[in-house]
Amino acid sequence: MTVKLFVNARCFTPIDPGRPLSGNDQGMIREIPRSAILTQDGRILQIGPEPEVLEAVRHLSPDQEIDCGGHCVIPGFVDPHTHLCFHGLRESEFSMRLEGIPYLEILRRGGGILSSVKRVRAATEEELFKSTQQLAQSALAHGTTTIEIKSGYGLETQAELKMLRVIDRVGRQSPLDVVPTFMGAHAIPEEFAGDSEGFVEMIIHEMLPEVATQGIARFCDVFCEEGVFSIAQSRRILEAARALGFGIKIHADEVHDLGGAGLAASVGALSAEHLLAASDEGLKAMAAAGTIAVLLPATAYSLGKPFARGREMIRLGVPVALATDCNPGSCFCESIPFVFGLAVLGMKLSPEEALTATTLNAAYAVGQAKSCGSLEPGKKADFLILEGQTPAILAYHAGGSPVKAVYKGAERVV
Ligand code: NIG
Ligand code: FE
């Protein structure tokens, strides 16, 4: 048994009511100006004003006492949407986009996601592991302690299973907690060009059952978009996934408003992601269903598009989470502090709302809120020591590295 005592911390945390925070509650953060955190075997035993915790600790004699220097302490970030299992960058496509060629046009010409598919299919499992592990370590250094990683650059059964094994191994061989998502419905592979229905059949009848048997993926996600998967196709895939026990998520209304937000609400998806073009009607349906909006402002920034309407979503009562979307195409960014800054300055979330969005609501968006997302007894002792006195430093220090230390299960990992 290892007992640790963290003192002289200025803690900021959302309080978990057993569901994601929405509306006015999204910005409700508990601040404990001079606090202490007592941990046992990597979990929080007690957190509160220093004198209270010190009183409780009198009979426990901690193995270690750590002084947080009066700095701001917040829960470790949860990044609930990434594609960081890939092999090789796509810098030439970035140049094409700078010249004005749209993201979906590059995909239509056989590039985009499909160029990463070629690289991932050709990579050995070891090569893919190395590149994924490297990026995951960088995410950790930016304060991410729990991360979702999607497959979706295999688009054939064996390559998708390979990706999921790699994603699972990153979870076992790094300090990060990893949540694997199957995203075979990420694009139509070359072999099925002009036959998206054939590919949907293959996903439903071959890939999904094999992925379920493999037992690694916890969620299934679909890229519902013009020229990719239609509303009807997305619905069929997600319903089949749900019947096999997967949680479901949707890349919805990223470029065009196909009605992805409404679909997410009507199929009972845990979350709908992107939502740059989502309609009021779709957002209202999400609020009524309790669907979490996972917003990806670094993607809007990288694509040069207006941000999703985060402020409006909070007003409508949609619980908002934030994620990087880290991928080699639309958004090569593994930094939650950068996303936090964009959300505050670009989408007009308050720093408190953005804190909930990058911790507790993000933990709900990947089904992990029982063990992380807030600093409360019973949860993992995953937390960050920041430069400065309040979480606003994350937006204020633009492009800086305000994360000074990362603790995962009460162990210092950065
Ligand atoms: O969320 N939109 C679809 N998927 C990713 C991009 C993947 C890629 O371009 O490689 C996204 O933006
Ligand atoms: Fe994505």
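Here is what the cut-offs are and how they apply
- Residues numbered from 1 in each chain as written.
- Chains lettered and ligands numbered in written order.
- Predicted model: local features only at pLDDT ≥ 70, side-chain atom pairs only at ≥ 80, totals over all residues.
- Heavy atoms only, no water.
- Helix = DSSP H or I, 4+ residues; strand = E, 2+ residues; numbered from the N terminus.
- Buried < 20%, exposed > 50% of the residue type's maximum accessible area, 1.4 Å probe, protein only.
- Contact = heavy atoms within 4.5 Å.
- Lys, Arg positive; Asp, Glu negative; His and termini not counted.
- Charge placed at Lys NZ, Arg CZ, Asp CG, Glu CD.
- Donors = N, O, S within 2.8 Å, 3.2 Å for Na, K, Ca; no water.
- Domains from an automatic or database assignment.
- Buried area = accessible area lost by both parts, 1.4 Å probe.
- Salt bridge = Lys/Arg side-chain N within 4 Å of Asp/Glu carboxyl O.
- Polar contact = N/O pair within 3.5 Å; in protein donor to acceptor, adjacent residues only side chain to side chain.
- Pairing = 2+ DSSP bridges.
- Axes fitted to C-alpha atoms, helices over the stretch in contact; angles between N-to-C directions.
- Near = heavy atom within 4 Å.
- Nonpolar A, V, L, I, M, F, W, Y, C, P; charged D, E, K, R; others polar.

Peer 1: Explanation requested: the overall build of the protein chain in the structure shown.
Peer 2: Along its length, the protein chain carries 16 helices and 16 strands. With the principal axes as the frame, the protein chain shows a C-alpha extent of 70 × 45 × 40 Å. Residue burial in the protein chain is summarised as follows: out of 414 residues, 58% are buried. At a minimum sequence separation of 6, the contacts of the protein chain that also span at least 24 residues come to 72%. Measuring between centres, the 37 positive side-chain charges of the protein chain sit 2 Å from its 49 negative side-chain charges.

Peer 1: For this particular structure, what's the right way to read the coordination of the iron ion (ligand 2)?
Peer 2: For a metal bound by four donors in a tetrahedral arrangement, the ideal donor-metal-donor angle is 109.5 degrees, while six donors in an octahedral arrangement ideally sit at 90 or 180 degrees. Every protein donor of the iron ion (ligand 2) is listed here as His 81 (NE2), His 83 (NE2), His 251 (NE2) and Asp 325 (OD), and their distances to the metal cover 2.1 to 2.3 Å. The sequence motif formed by the donor residues of the iron ion (ligand 2) is H-x1-H-x167-H-x73-D. Here the two residues His 81 and His 83 agree in accessibility, since each one is buried.

Peer 1: Even after reading the chapter, I still don't get the domain arrangement of the protein chain, so can you show me in this structure?
Peer 2: Reports often express the size of an interface as the amount of accessible area lost when the parts come together. Partitioning the protein chain into structural domains gives domain 1 (3-75 + 374-412) and domain 2 (77-365). Taking only C-alpha atoms, the centre of domain 1 and the centre of domain 2 are 29 Å apart. Taken residue by residue, the interface counts 29 residues in domain 1 and 31 residues in domain 2. The junction of domain 1 with domain 2 conceals about 2,200 Å² of combined surface from both sides, 70% of it contributed by carbon and sulfur atoms. Inspection of the region where domain 1 meets domain 2 yields 2 salt bridges. Of the charged contacts in the structure, one is a salt bridge between Lys 380 and Asp 177, with a shortest N-O distance of 2.9 Å. At the junction of domain 1 with domain 2, the criterion picks out 10 residue pairs in polar contact (both at pLDDT 80 or more).

Peer 1: Just checking my understanding: could you explain the sheet that holds strand β13 (residues 320-322) for this structure?
Peer 2: Hydrogen bonding along the main chain pairs the strands of a sheet, whether they run parallel or antiparallel. With respect to topology, 8 strands assemble into an open sheet ordered β6-β7-β8-β9-β10-β11-β12-β13, the strand pairing being parallel. Sheet topology places β6 (77-79) and β13 at the edges, where each strand pairs with a single neighbour. Taking each pair of neighbouring strands and ignoring which way they run, the sheet shows an average axis angle of 25°. Bridge analysis of strand β12 (residues 292-295) against β13 gives 3 bridges, and the strand direction is parallel. For Ala 293, the partnering residue across the bridge sits in β13 and is Val 320.

Peer 1: Even after reading the chapter, I still don't get the site of ligand 1, so can you show me in this structure?
Peer 2: Around ligand 1, the structure places 15 residues, and the nearest of them are Tyr 103, Tyr 153, His 186, Glu 254 and Ser 330. Ser 330 places a side-chain nitrogen or oxygen 2.6 Å from an oxygen atom of ligand 1. When grouped by side-chain class, the residues that make up the shell around ligand 1 number 4 nonpolar, 8 polar and 3 charged.

Peer 1: Please explain the side chain of Ser 374 as it appears in this structure.
Peer 2: Among the secondary structure elements, Ser 374 is positioned in the loop between α15 (360-365) and β14 (383-386). A relative accessible area of 2% means that Ser 374 is categorised as buried. A distance of 2.6 Å separates a polar atom in the side chain of Ser 374 from a polar atom in the side chain of Glu 376. A polar contact of 3.0 Å, which involves the side chain of Ser 374, links it to the side chain of Lys 379. Apart from the residues lying within four places of it in its own chain, the contact partners of Ser 374 are Thr 13, Pro 14, Asp 16, Pro 75, Leu 360 and Lys 379.

Peer 1: Can you help me understand helix α9 (residues 260-267) in this one?
Peer 2: In an α-helix there are 3.6 residues to a turn, and that puts residues three or four apart on one side. With 6 of its 8 residues buried, α9 lies for the most part within the structure. For α9, the complete set of buried residues consists of Gly 260, Ala 261, Leu 263, Ala 264, Ala 265 and Val 267. Buried residues along α9 sit against α8 (231-243), β10 (247-252), β11 (271-274) and α10 (280-289). Two residues or fewer after α9 comes Gly 268, characterised by a positive phi angle close to 70°.

Peer 1: Looking at this structure, I do not really get the pairing of β12. What am I missing?
Peer 2: Working note: regular strand, side chains alternate between the two faces of the sheet. With burial as the criterion, each face of β12 is covered, one bearing Ile 292 and Val 294 and the other bearing Ala 293 and Leu 295. Where β11 meets β12, 3 bridges bridge the pair, whose relative direction is parallel. Each bridged residue has a counterpart across the sheet, and for Glu 273 the counterpart in β12 is Val 294.

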